[in-house]
Amino acid sequence: MADNGKRVIIVTGGSRGIGRAICVAFAGNDTEVFFNYFSPGDPEGEKTAAAETEKMIAEAGGTGKGLWADIASRDETNAFFDQVLEEAGHIDVLVNNAGITKDALIVRMKEADWDAVLNVNLKGPFNCIQIIGKIMMKQRHGRIINIASIVGVTGNAGQANYVASKAGIIGLTKTAAKELAPRGVTVNAVAPGFIVTDMTAVVPEKAREAMLGQIPMGRPGQAEDIAGVVTFLASEQAAYITGQVIHVSGGMYM
Ligand code: NAP
C-alpha cells in the first residue's frame, strides 16, 4: 500500500448536487478526492455524472476519482474504502453526503421505502464511520462531516423516513464525536435548509413556495453554500469543533 503524501478526502454521493460541490471545493494540488456514486446502478454502465465531477475537480486544479458503490451495502462500502486505501495509503477526511428521499405520509408509507431511506441515509454513514473510525483512530487524526438536514431537527410532514434518518445522523454524529475525540478525530454535522439540487427539483411548486416563504434570507441555498462549511469543518481552523450541528439554511432554522 503506497502513501500518496496528499490530503485524502472521501465524499459519498459525489456525482451530483451538494456532494459534487463538496468534491470541487476540496480540489487542490495537495489533495486527492475520492467519491462514490450509485446510479445508474450498473458498475459497467456509463458514469456520465461521475465523470463530470472528475472533470470539474481537474479543472479546479485537483485530482479526483469516482468509484461505483452502493453506500447501503456493507460489502460494497468495504470494497470502496479498500480501493481508496490501496491507491492513497491513508484517509484524512470523510464526508457522509449520499442521501435519498422516498416521501409519503406515515399512514401510506411503504415498508420498502422506509427501509431504503434508512439504509442509505443512516446505515450508510454508520458503515462508513465504523470502517474509517478504526483507521482514523490508528492514525490519531481525521475529520468526519455528516450531511444532516434541517428537518432532522424540525420534523416534516410526508418525510417520516427521511426525517428519522436525519435525526438519527445527528445522534450518530454526537456519539461518534464522543467516542473518537480522545484519538484526535472530530465529527460534526452540517444541516442544510432548502438547497437547489435534483433532490429539491422534484418538490411540488406549492410546497416549494411555502418553503421559500420560510427563509428569512429570501432565497434558496446553493450547493456551494454547504461545501464552504464542510471544507471549513475539515480545516485546521476547525480543529477544536466537534459534535456540533451547523445549520446552513438562510435562517430557516434558528
Ligand atoms: P442529490 O442531488 O439527489 O444527490 C444525491 C447524491 O447521493 C448523488 O450523488 C447520488 O448518486 C448519491 N447516492 C444516492 N444513493 C446512493 C447510494 N445508495 N450509494 C451511493 N451514493 C448514492 O441530493 P443533494 O440535494 O445533493 O443531497 C445531498 C445530501 O444533502 C443528502 O444527504 C441530502 O439528504 C442532504 N440535504 C439536501 C438538502 C437539499 O435541499 N438539497 C437539504 C437538506 C439535506 P447518483 O448520482 O449516482 O445517484
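Everything below is about the structure printed above this text.
All of the points below concern the structure found in this document. (Residues numbered from 1 in each chain as written. Predicted model: local features only at pLDDT ≥ 70, side-chain atom pairs only at ≥ 80, totals over all residues. Heavy atoms only, no water.)

**Focus on the overall build of the chain**
Right, so step 1: Helix and strand counts for the chain stand at 9 helices and 7 strands.
Right, so step 2: On C-alpha atoms alone, the chain measures out to a radius of gyration of 17 Å, which is about the 18 Å that the 2.2 N^0.38 rule sets for 254 residues.
Right, so step 3: Counting only C-alpha atoms and orienting by the principal axes, one finds that the chain spans roughly 55 × 45 × 35 Å.
Right, so step 4: Going through the 254 residues of the chain one by one, you find that 47% of them count as buried.
Right, so step 5: Of the contacts made within the chain by residues no fewer than 6 positions apart, 75% connect residues no fewer than 24 positions apart.
Right, so step 6: Accessible area for the chain stands at about 12,000 Å²; split by element, carbon and sulfur atoms hold 54% of it.
Right, so step 7: Computed over 23 positive and 27 negative side-chain charges, the separation of the two mean positions in the chain equals 7 Å. (Helix = DSSP H or I, 4+ residues; strand = E, 2+ residues; numbered from the N terminus. Rg over C-alpha atoms; globule rule 2.2 N^0.38 Å. Buried < 20%, exposed > 50% of the residue type's maximum accessible area, 1.4 Å probe, protein only. Contact = heavy atoms within 4.5 Å. Areas by Shrake-Rupley, 256 points an atom, 1.4 Å probe, with all protein chains shown as cover. Lys, Arg positive; Asp, Glu negative; His and termini not counted. Charge placed at Lys NZ, Arg CZ, Asp CG, Glu CD.)

**A look at the packing of helix H1 (residues 17-26) against helix H2 (residues 48-59)**
Right, so step 1: Direction vectors running N to C along H1 and H2 enclose 25°, while the axes themselves pass 8 Å from each other. Here H1 is positioned roughly parallel relative to H2, judged by the angle of their axes. Relative to H2, the crossing made by H1 is right-handed. Residues Arg20, Cys23 and Val24 of H1 form the contact with H2, whose own contacting residues are Ala49, Glu52, Thr53, Met56 and Ile57. (Axes fitted to C-alpha atoms, helices over the stretch in contact; angles between N-to-C directions. Parallel < 35°, antiparallel > 145°, perpendicular 65-115°, else oblique. Left-handed = near helix turned anticlockwise from the far one by under 90°.)

**Concerning the pairing of strand S4 (residues 93-96)**
Right, so step 1: Side chains Val93 and Val95 project from S4 onto one buried face, and the interleaved Leu94 and Asn96 project onto a second face that is buried too.
Right, so step 2: Here S4 runs beside strand S5 (residues 142-147); their pairing, made up of 4 bridges, is parallel. Residue pairing in the sheet places Val95 in a bridge with Ile145 of S5.
Right, so step 3: With helix H4 (residues 111-139) bridging S4 and the parallel S5, this β-α-β connection has right-handed handedness. (Pairing = 2+ DSSP bridges. Right-handed = clockwise from strand over helix to strand, strands pointing away.)

**Comments concerning the site of the ligand**
Right, so step 1: Ser15, Arg16, Ser39, Tyr162 and Thr197 are the nearest of the 31 residues found near the ligand.
Right, so step 2: At a separation of 2.8 Å, an oxygen atom of the ligand approaches a polar backbone atom of Ile18.
Right, so step 3: Residue Phe38 places a main-chain N or O atom 2.8 Å away from an oxygen atom belonging to the ligand.
Right, so step 4: Contact with the protein chains removes 96% of the 900 Å² of surface that the ligand exposes when unbound. (Near = heavy atom within 4 Å. Polar contact = N/O pair within 3.5 Å; in protein donor to acceptor, adjacent residues only side chain to side chain.)

**As for the nonpolar core**
Right, so step 1: If you look at the biggest cluster of nonpolar residues, it comprises 34 residues, and the most contacted ones within it are Ile10, Phe81, Val84, Ile91, Leu94 and Ile144.
Right, so step 2: Put simply, the parts of the chain that give this core at least two residues each are strand S1 (7-11), helix H3 (74-88), H4, helix H6 (160-180) and strand S6 (185-192).
Right, so step 3: Setting aside residues up to four positions removed in sequence, Ile144 forms contacts with Leu94, Asn96, Ile129, Ile132, Met136, Leu180, Val185, Thr186, Val187 and Asn188. (Core = buried A, V, L, I, M, F, W, Y, C linked by side-chain atoms within 4.5 Å.)

**Some remarks on unusual backbone geometry**
Peptide bonds are trans in most cases, and residues, glycine excluded, mostly fall at negative phi.
Right, so step 1: In this structure, Arg140 takes a positive phi of about 65° despite not being glycine.
Right, so step 2: Here Arg140 is to be found in the loop between H4 and S5.

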